[in-house]
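# Coordinate analysis (summary)
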Amino acid sequence: MCPDESCGGGCPCSMAVQWSGGHSCSVLCLAVSTEGLVASGAERGELALWDGAGSAVAQLRLPQAEDVTSVVFSARRPSTLYTAHGETISVLDVRSLQEPLQRFHVNEEEINCLSVNDADSLLAAADDSGAIKVVDLESQKVSRSLRHSNICSSVAFRPQRPQSLVSCGLDMQVMLWNLQKVRPLWTTNLHECEMEEESPQSSGQFFNPPLAHSLSVASCGNIFSCGAQDGKVRLFRVTGARFEHELEFQAHSLGVSQVLFMPEGYCLLSGGNDGKVLLWDLSSNIGKQQKSPAKSLHRKKAQAAACSRKDGKLNKAASNEHPAVVPKLSIEHGEKVNWLSCAEIKGSRRVLVADQSSSVSVYPLPEP
């Protein structure tokens, strides 16, 4: 769908621009620097850098040709790129894409996701063992080892809170961490939440459990989203040392592989195994209950107790219900989405999509 709703579809801007020539294998991950440089990682150790015009300006094959599963730029040093391949993290200088400046080998199994805090002091790496290794970038040593009981698929530092991060995994757990503590501050089990809901879909959750695949934190730092295998997107609000269920909706007909908050406000991109990329404007849904103070208090109490764990105890309560959420933009990409990223190119916002192919697809987004 074209961002210009008056065009009626079928115009050139409704078509993806393909960035090709940087890879020969499936692209697995993407990142965009504050200076607009795009990095992409692919199978067999392939790494590429792209300019805003879609030209591959540099390429590198990392040692042992292990899949490049996550790339992230430093928040304060845009020329520094952290790259996960296999069990290794390589630190690269994009101004001269050659041998890594340094390597960290702190994870025991394949890394799925990297996140660096906005102070550029800590790097978190989530892996297939369920571990999250947090590296102090000054001492270059592991400062914390956190853990899920199954594959940890995603980890994200909260903006403006360099000691706080959230994580999710195939154990269906979503966790809030403060790095001054070893245990999570708060945990929610998505599967137990579903089982507590008396909905027609509850009986089917055994066959389509909410394995958590992706996390993204909004720029405010207090709202974060989680995409899961049951096709739902769930939003949570951090309040102190806990988080509360804010909103959930059926986003995709198959698993949600990626969620990404846009840099401003509460616009969220989601990508799924159904081949769709959707843009959601959630600003009117987040905090909506606050408009009715009396109901707000009742709902917040229910939300605070709903399906949350602390010290291993499950609190049961009905989840909050919201009216249907409708996407602002629907892109029929046609391929399973591996990664989403957002960039401003030639003054306009674009969503970058990595899938099973060796190219990066670029779509226009409506202006906010």
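As shown above, the structure is provided for reference.
Because the structure is a prediction, the values reported are computed rather than measured.

At aspartate 120, a position not held by glycine, the phi torsion is positive, near 60°. Looking at the secondary structure, you find aspartate 120 in the loop between strand S10 (111–116) and strand S11 (122–127). Look at methionine 172: it is not a glycine, yet its phi comes out positive at around 65°. Structurally, methionine 172 is set in the loop between strand S15 (161–169) and strand S16 (173–178).

Now for the nonpolar core. Residues Trp19, Val71, Leu81, Leu352 and Val360 are the most contacted members of the largest nonpolar core, which totals 28 residues. For this core, the secondary-structure elements that each account for two or more residues are strand S2 (27–32), strand S3 (38–42), strand S4 (46–50), strand S5 (56–61), strand S6 (68–73), strand S28 (339–345), strand S29 (348–354) and strand S30 (360–364). What leucine 352 contacts, discounting residues up to four positions off in sequence, is Trp19, Leu30, Val32, Val38, Trp339, Leu340, Ser341, Ala343, Ile345, Val360, Ser361 and Val362. Judged by nonpolar contacts, the second largest core, of 17 residues, contains Cys168, Leu185, Trp186 and Phe243.

So, on to the packing of aromatic side chains. Within this structure, the stated rule accounts for 5 aromatic pairs. Arranged with centres 4.6 Å apart and planes meeting at 55°, the rings of phenylalanine 249 and tryptophan 280 form a pair that is tilted. With phenylalanine 249 in strand S21 (residues 242–250) and tryptophan 280 in strand S24 (residues 276–281), the pair connects residues that are 31 residues apart, well separated along the chain.

Moving on, we get to the side chain of threonine 69. Mapped onto the secondary structure, threonine 69 falls in strand S6. With residues near it in sequence (within four places) discarded, threonine 69 still touches Cys29, Ala84, Glu110, Ile111, Asn112 and Trp339.

Next up on the list: the pattern of salt bridges. For the structure shown, the criterion picks out 10 salt bridges. Note that aspartate 120 and arginine 77 form a salt bridge whose closest N and O atoms lie 3.0 Å from each other. Here arginine 77 lies in the loop between S6 and strand S7 (80–85) and aspartate 120 lies in the loop between S10 and S11, a separation of 43 residues in the sequence. The class of arginine 77 is partly exposed, set by a relative accessible area of 42%. Its salt-bridge partner being arginine 234, residue aspartate 230 comes within 2.7 Å of it at the nearest N-O pair. Just as aspartate 230 is buried, arginine 234 falls in that class too. Three or more residues joined by partner-sharing salt bridges are found here, namely Asp230, Lys232, Arg234 and Glu248.

Definitions and cut-offs
Numbering of residues starts from 1 in each chain and follows the order in which that chain's sequence is written. Restriction of local features to residues with pLDDT of at least 70 applies here, the model being predicted, together with a cutoff of 80 or more for giving and counting side-chain atom pairs; totals for whole chains, interfaces and linings are based on all residues. Note: side-chain values were computed over all heavy atoms of the structure, leaving out hydrogens and water. Think of it this way: any DSSP run of H or I at least four residues long counts as a helix, any run of E at least two long counts as a strand, and we number them from the N terminus. Think of a nonpolar core as a cluster: buried Ala, Val, Leu, Ile, Met, Phe, Trp, Tyr and Cys residues, connected wherever their side-chain atoms sit within 4.5 Å. Buried, partly exposed and exposed residues are distinguished by accessible area as a fraction of the type maximum, computed with a 1.4 Å probe on protein chains only: under 20%, between the cut-offs, and over 50%, respectively. Residue contacts follow a heavy-atom distance rule, with two residues in contact if any of their heavy atoms lie within 4.5 Å. Each Phe, Tyr or Trp ring, with Trp reduced to its six-membered ring, pairs with another whose centre is within 6.5 Å; inter-plane angles below 30 degrees give stacked pairs, above 60 give edge-to-face pairs, and intermediate values give tilted ones. By definition, a salt bridge exists where a carboxyl oxygen of Asp or Glu is found within 4 Å of a side-chain nitrogen of Lys or Arg.

Purely geometric stuff here, so don't read any function into it on its own.
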